[in-house]
Amino acid sequence: MALKGIKVIEMIGLAPGPFCGTILADFGATVTIVQKLYPPPIEIMSNGKKVIAVNLKTKEGVEILKKLCTTSDVLLDTYRPGVLEKLGLGPKLLLKENPRLIYAQLTGYGQSGYYRNKAGHDINYVAMSGLLSKLTKNGQPPQPPLNLIADFAGGSVICVLGILLALLDRTRSGKGQIIDASMTEGAAYIGAWIYKSQNIDLFSKEPGSNMLDGGYPFYTTYKTKDNKFMAVGSLEPQFYANLLVGLNLSKEIYTQGNKDICKKKFEEIFLTKTQEEWSTIFENLDACVTPVLDIDQVGKNMCHSTRKSFYKDEENYFQPEPAPKLSNSPGIASGKQKPPKHGEHTVMVLKELGYTNSKIQDLIKNSCVYAYTNSHL
């Protein structure tokens, strides 16, 4: 696997940090989550990772994290700016002890600037990136697309990119570095193409009336007879011509430029058949028309089943396989492994750091660490 041998320390956090760690784990990195003594309310991305529960309010706990970082390649910090610094675990100190360490800091607004200490969530970061202003229609309030843009695209994925770039740079320089990953800036960077398209017809009109935001009848979604939906992306003339063939409409009457007439007619026609019927009609028509798949059925579609794009987890839910697919060192979904118990690997990790059985017992007794079981001491 591409990242085999890379050791990552993931500070416990919410969605962006854990998914960042999961991507690294999926492609071979050994990821160790530093948990709190008491388990957090939500921890759904610990599969395939080791976990150690440490009390960072004790000097012994701080020393454990320092030792972890001296033998690791990456530290993923998702706390607010300055939190780890106050504990004596800031990047300058840890990089001094391990010059090859890559210290990745993933926050909402970055490590500096006016908003550095301000609280926020995905909706706030997308709003501040400028992109949320585009996610509206007919003057309605902007609607966030779940928490995908900032948390995961601008946060997790951009942070992984930074880590991989830093690892690549280290092969030349021999040195680690600090990564300042702002989810707000990451979201804006993901939307760079939109920023560059402001003066062309794609996005120059009011949000919701442009070519790629549902303002045109040949690039939007339509309800079907069974209350499901079809996605139409027939932008180019040849695809639009095939759309009309599938809908059995005249190309002389329903021209691509006749928006109002086309939209109303398309809505009427799509309501006459089920999603499955429309999918069959457009199966062999190159019209860029596809069903809007339900998340609980997505893996059954031929598009995904023929590529094995999804797998079923223990609870029988479809889960995506790692992407992209690498020919020589493909990823393996860490989600296929059982999630570890809270503090399950505490003893194992401490032993790897050189702690003796008696010392580990003292750490557990003094609430410096928590171990799920100590029967193997």
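Residues numbered from 1 in each chain as written. Predicted model: local features only at pLDDT ≥ 70, side-chain atom pairs only at ≥ 80, totals over all residues. Heavy atoms only, no water.

Per an unreviewed UniProt entry, the recorded name for the chain is Alpha-methylacyl-CoA racemase, and the organism is Vanessa tameamea. According to UniProt, the comment filed for the chain under the heading Sequence similarities (unreviewed entry) is "Belongs to the CoA-transferase III family." (UniProt positions renumbered as here; feature names shortened; annotations may be inferred.)

**Student:** Outline the overall build of the chain, supporting the account with residue identities and numerical values.
**Tutor:** Of regular secondary structure, the chain possesses 14 helices and 12 strands. Taken along the three principal axes of its C-alpha coordinates, the chain extends 85 × 45 × 40 Å. Each of the 377 residues in the chain was classed as buried or not, and the buried ones make up 43%. Residue pairs in contact within the chain that sit at least 24 positions apart in sequence constitute 61% of those at least 6 positions apart. (Helix = DSSP H or I, 4+ residues; strand = E, 2+ residues; numbered from the N terminus. Buried < 20%, exposed > 50% of the residue type's maximum accessible area, 1.4 Å probe, protein only. Contact = heavy atoms within 4.5 Å.)

**Student:** So, the sheet that holds strand E1 (residues 7-11): which residues are in play, and what are the values?
**Tutor:** Across a sheet, strands are paired by hydrogen bonds formed along the backbone, either parallel or antiparallel in direction. Across the sheet, which stays open at both edges, the 7 strands sit in the order E6-E5-E4-E1-E2-E3-E12 with mixed pairing between neighbours. Two strands close off the open sheet at either side, each with one partner strand: strand E6 (178-182) and strand E12 (369-370). Sheet topology places E1 next to strand E2 (residues 30-35); 5 bridges connect them, and they run parallel. The residue bridging lysine 7 from the neighbouring strand is threonine 30, located in E2. Set on the sheet, helix H1 (residues 16-26) makes contact with E1, E2, strand E4 (74-77) and strand E5 (102-107); between it and E1 the angle comes to about 165°. Most of the contacts of helix H6 (residues 148-173) go to E5, to which it runs at about 165°, and overall it touches E4, E5 and E6. (Pairing = 2+ DSSP bridges. Axes fitted to C-alpha atoms, helices over the stretch in contact; angles between N-to-C directions.)

**Student:** Explain the nonpolar core to me, and be specific about the residues and the numbers.
**Tutor:** Counting residues in each nonpolar core, the largest one holds 32 residues, and the members touching the most others are Met11, Ile64, Leu65, Leu68 and Leu75. Contributions of two or more residues to this core are made by E1, E2, strand E3 (50-54), helix H2 (59-70), helix H4 (91-97), helix H13 (346-352) and helix H14 (357-365). At 5 residues, H2 tops the list of elements feeding residues into this core. Once residues lying within four places of it in the same chain are set aside, the contact partners of isoleucine 64 are Ile52, Val54, Leu350, Leu353, Tyr355, Leu363 and Val369. (Core = buried A, V, L, I, M, F, W, Y, C linked by side-chain atoms within 4.5 Å.)

**Student:** Tell me about helix H9 (residues 237-247), and please be specific about residues and values.
**Tutor:** Buried within H9 are the following residues: Phe239, Tyr240, Leu243, Leu244, Gly246 and Leu247. Along H9, the residues classed as buried sweep out an arc of 160° about the axis, all on the same side. Those residues of H9 that are exposed and aimed more than 90 degrees away from the buried face are Pro237 and Val245. In this fold, the buried residues of H9 make contact with strand E8 (229-233), helix H10 (259-270), helix H11 (275-281) and strand E9 (289-291). (Arc of directions from axis to C-beta.)

**Student:** Could you give me a rundown of the pairing of E1, with the residues and numbers involved?
**Tutor:** In the case of a regular strand, side chains alternate between the two sheet surfaces. Most of E1 sits inside the fold, with 4 of its 5 residues counted as buried. For the crossover that starts at E1, traverses H1 and ends in the parallel E2, the hand is right-handed. Strand direction decides the pairing type here: E1 and E4, joined by 3 bridges, are parallel. Pairing of glutamate 10 across the sheet is with leucine 76, part of E4. (Right-handed = clockwise from strand over helix to strand, strands pointing away.)

**Student:** Give a description of the packing of helix H5 (residues 122-129) against H6 that names residues and reports values.
**Tutor:** The contact between H5 and H6 brings their axes to 7 Å, and the two run at 80°. Regarding the angle of H5 to H6, the classification is roughly perpendicular. Listed contacts from H6 to Asp122, Tyr125 and Val126 of H5 are Leu148, Ile149, Ala150 and Asp151. Residue composition of the contact of H5 with H6, grouped by class: 5 nonpolar, no polar and 2 charged. (Parallel < 35°, antiparallel > 145°, perpendicular 65-115°, else oblique. Nonpolar A, V, L, I, M, F, W, Y, C, P; charged D, E, K, R; others polar.)

**Student:** I'd like to hear about the packing of H6 against helix H7 (residues 183-190), residue by residue, with values.
**Tutor:** With their axes 8 Å apart at the nearest point, H6 and H7 run at an angle of 90° to one another. What the angle tells us is that H6 and H7 run roughly perpendicular. Within the contact between the two elements, H6 uses Ile149, Ala150, Asp151, Ala153, Gly154, Gly155 and Ile158 and H7 uses Met183, Gly186, Ala187, Tyr189 and Ile190. Residues that form the contact of H6 with H7 fall into these classes: 8 nonpolar, 3 polar and 1 charged.

**Student:** Describe in detail the sheet that holds E8, supporting the description with residues and values.
**Tutor:** Ordered by their spatial adjacency, 3 strands build an open sheet running E7-E8-E9, and the pairing between neighbours is antiparallel. What marks the edges here is a single partner per strand, and that holds for strand E7 (219-223) and E9. Averaged over neighbouring strand pairs, the angle between their axes works out to 20° when direction is ignored. Looking at chain direction, E8 and E9 are connected through 3 bridges and run antiparallel. Within the sheet, the bridge partner assigned to methionine 230 lies in E9 and is proline 291.

**Student:** Residue-level account of the environment of isoleucine 158, with values.
**Tutor:** Looking at the secondary structure, you find isoleucine 158 in helix H6. Sequence-wise, isoleucine 158 and threonine 306 are 148 residues apart; in three dimensions their C-alpha atoms are separated by 29 Å. Beyond its immediate sequence surroundings of up to four residues, isoleucine 158 is in contact with Ala153, Gly186, Tyr189 and Ile190.

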